[in-house]
Protein chains: 2
Amino acid sequence: MRQAYHEELNEVAKELVRMAELVGTAIEQATTALLDVNLTLAETVIAGDEKVDIAQRVLDQRAQNLLARQQPVATDLRILITSLRIAADLERMGDLARHIAKLARLRYPSSAIPESVREVVKEMGQVASRMASHMATVLSTRNVTSALELEKEDDQMDRLHQTLFHEMLDGAWHEGVECAVDVALCSRYYERFADHAVSVADRVVFLVTGERSREYTKSGH
Amino acid sequence: MRQAYHEELNEVAKELVRMAELVGTAIEQATTALLDVNLTLAETVIAGDEKVDIAQRVLDQRAQNLLARQQPVATDLRILITSLRIAADLERMGDLARHIAKLARLRYPSSAIPESVREVVKEMGQVASRMASHMATVLSTRNVTSALELEKEDDQMDRLHQTLFHEMLDGAWHEGVECAVDVALCSRYYERFADHAVSVADRVVFLVTGERSREYTKSGH
């Protein structure tokens, strides 16, 4: 019985990694769709988000069944509750990738992103993809040191987000209002995507140590 | 023992209502701060968000203690897991009210919202406040019919969100890029606030019936 139970717990953990990988692919493809004005790829991301949603529902059901049948305490309970929360973050990250793809589709065959900020948006996309991949590794290894490093990548994302806003608001913006609104929302989607990746990493730290990242680093680790 | 347990469950339910009320006050004050260019009120909302965050942490701890000590099954388990999720929605709604207040503070002593879209933003604020109050009632009464009605208010919010975007993008916008970006983000915050309110209502339906809103209405209720 305990054997089967731990196998089920393992399944939950694996499912989280798989969701993280789906979300990583989604943000990578959404960025390409956006920058290369690729409608097919945009459609792929939009339709593909359902997979993430379904994965979350399956994982939720599994975790709740385990909670009901096995009545775990202490560490196992923490793992299950935290897994439910991680799944919610991942589901939201899928939504944000879909939002970016939808923006690409909305402006097709034009580009939602003007040449003047293309490089910054490209970099945001790269940081987002790197964070998604880093997050998947953290979910798989549960390495606390590695989890804490995601914060630094998020700082990079925040700087890019600010750069973009400065470029738009410094008075030398010639791309018009529609474009500014698109870029602003897009930038916000990437920034939120990164926030959720940090949140997932933070939850892994909690899952392993019983403390949140901030408490954990404060307590001198 | 069971008596104490049900009292604790009641406490969790009450705490959710209290959080919903805090969030309702926050969005109302944030809207006033934004439209009346009221810095003091903006600061109040920004500082006050901590109360919502603390309430969430307290509620989380309480729910997790109950899960660990009482090992509830079936309905009680569903109530606790769902309460954790509702608390996460409410915490996020507090963040969104804070974002709106921060925008008011950022542009002070100017207004972030130009006269030309003031009425639409005002209406968004009113719908958001109404939804927050409706949501608090639903949390308190657990009335499924009333919960399902939040969807309609959300449709209204979506229409206002679209109206605002049309006004900005119809070519007759004379307020400049910075202003358009502010209005776009602000509109997005209200729209997300409303989405979370619907999510809370949906979770109450699940809590009571064991089905999500969509399944519940589909099954002919």
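Residues numbered from 1 in each chain as written. Chains lettered and ligands numbered in written order. Predicted model: local features only at pLDDT ≥ 70, side-chain atom pairs only at ≥ 80, totals over all residues. Heavy atoms only, no water.

## Structural notes on the interface of chain B and chain A
Phase 1 of the analysis: On the chain A side, the residues contacting the 28 residues of chain B number 28 residues.
Phase 2 of the analysis: Across the interface of chain B and chain A, roughly 2500 Å² is buried in total on both sides, 63% from carbon and sulfur atoms.
Phase 3 of the analysis: Where chain B meets chain A, there are two salt bridges.
Phase 4 of the analysis: The interface formed by chain B and chain A includes two residue pairs in polar contact (both at pLDDT 80 or more).
Phase 5 of the analysis: If you list the elements that add at least two residues to the side of chain B that touches chain A, you get α2 (39-70), α3 (74-107), α5 (144-169) and α6 (177-209) of chain B.
Phase 6 of the analysis: Among the elements that take part in the side of chain B that touches chain A, α6(B) stands out by supplying nine residues, more than any other.
Phase 7 of the analysis: Of the residues belonging to the side of chain B that touches chain A, the class tally is 17 nonpolar, four polar and seven charged. (Contact = heavy atoms within 4.5 Å. Buried area = accessible area lost by both parts, 1.4 Å probe. Salt bridge = Lys/Arg side-chain N within 4 Å of Asp/Glu carboxyl O. Polar contact = N/O pair within 3.5 Å; in protein donor to acceptor, adjacent residues only side chain to side chain. Helix = DSSP H or I, 4+ residues; strand = E, 2+ residues; numbered from the N terminus. Nonpolar A, V, L, I, M, F, W, Y, C, P; charged D, E, K, R; others polar.)

## Let's talk about the nonpolar core
Phase 1 of the analysis: In terms of nonpolar packing, the biggest core is built from 164 residues, with A:Leu90, A:Leu139, A:Tyr190, B:Leu90, B:Leu139 and B:Tyr190 touching the most fellow members.
Phase 2 of the analysis: Beyond its immediate stretch of four places on either side in the chain, A:Leu139 contacts A:Leu16, A:Val17, A:Ala20, A:Ile86, A:Leu90, A:Val200 and A:Val204. (Core = buried A, V, L, I, M, F, W, Y, C linked by side-chain atoms within 4.5 Å. Buried < 20%, exposed > 50% of the residue type's maximum accessible area, 1.4 Å probe, protein only.)

## Quick word on the side chain of B:Asp95
Phase 1 of the analysis: As for its placement among the helices and strands, B:Asp95 is situated in helix α3.
Phase 2 of the analysis: Among residues more than four places away in sequence, those in contact with B:Asp95 are B:Asp49 and B:Asp53.

## Observations regarding the layout of surface pockets
Residues and elements named next belong to chain A.
Phase 1 of the analysis: In this structure, the second largest pocket encloses a volume near 170 Å³.
Phase 2 of the analysis: Every residue along the wall of the second largest pocket is listed here: Leu 22, Thr 25, Ala 26, Gln 29, Thr 44, Val 45, Gly 48, Asp 49, Lys 51 and Val 52.
Phase 3 of the analysis: Considering each element in turn, the lining of the second largest pocket owes the most residues, six residues, to helix α2 (residues 39-70).
Phase 4 of the analysis: In terms of residue class, the lining of the second largest pocket is built from four nonpolar, four polar and two charged. (1 Å grid on protein atoms, 1.4 Å probe; cavity = no way out; pocket = protein on both sides within 12 Å on 5 of 7 lines; lining within 4 Å. Points joined across faces, edges and corners; volume = space filled by probe spheres on them.)

## Topic: the pattern of salt bridges
Note that side chains of opposite charge can pair when their charged atoms are close.
Residue and element names in this part refer to chain A.
Phase 1 of the analysis: Inspection of every chain in the model, using the stated rule, returns 32 salt bridges over all chains.
Phase 2 of the analysis: Note that Glu 8 and Arg 69 form a salt bridge whose closest N and O atoms lie 3.3 Å from each other. Here Glu 8 is found in helix α1 (residues 2-35), whereas its partner Arg 69 is found in helix α2, with 61 residues between them in sequence.
Phase 3 of the analysis: In this structure Glu 8 comes out as partly exposed when scored by relative accessible area, which is 24%.
Phase 4 of the analysis: A relative accessible area of 47% means that Arg 69 is categorised as partly exposed.
Phase 5 of the analysis: One salt-bridge network, in which partners are shared between bridges, spans Asp 49, Arg 92, Asp 95 and Arg 98.

Interpretation note: all reported values are geometric properties and have no functional meaning in isolation.
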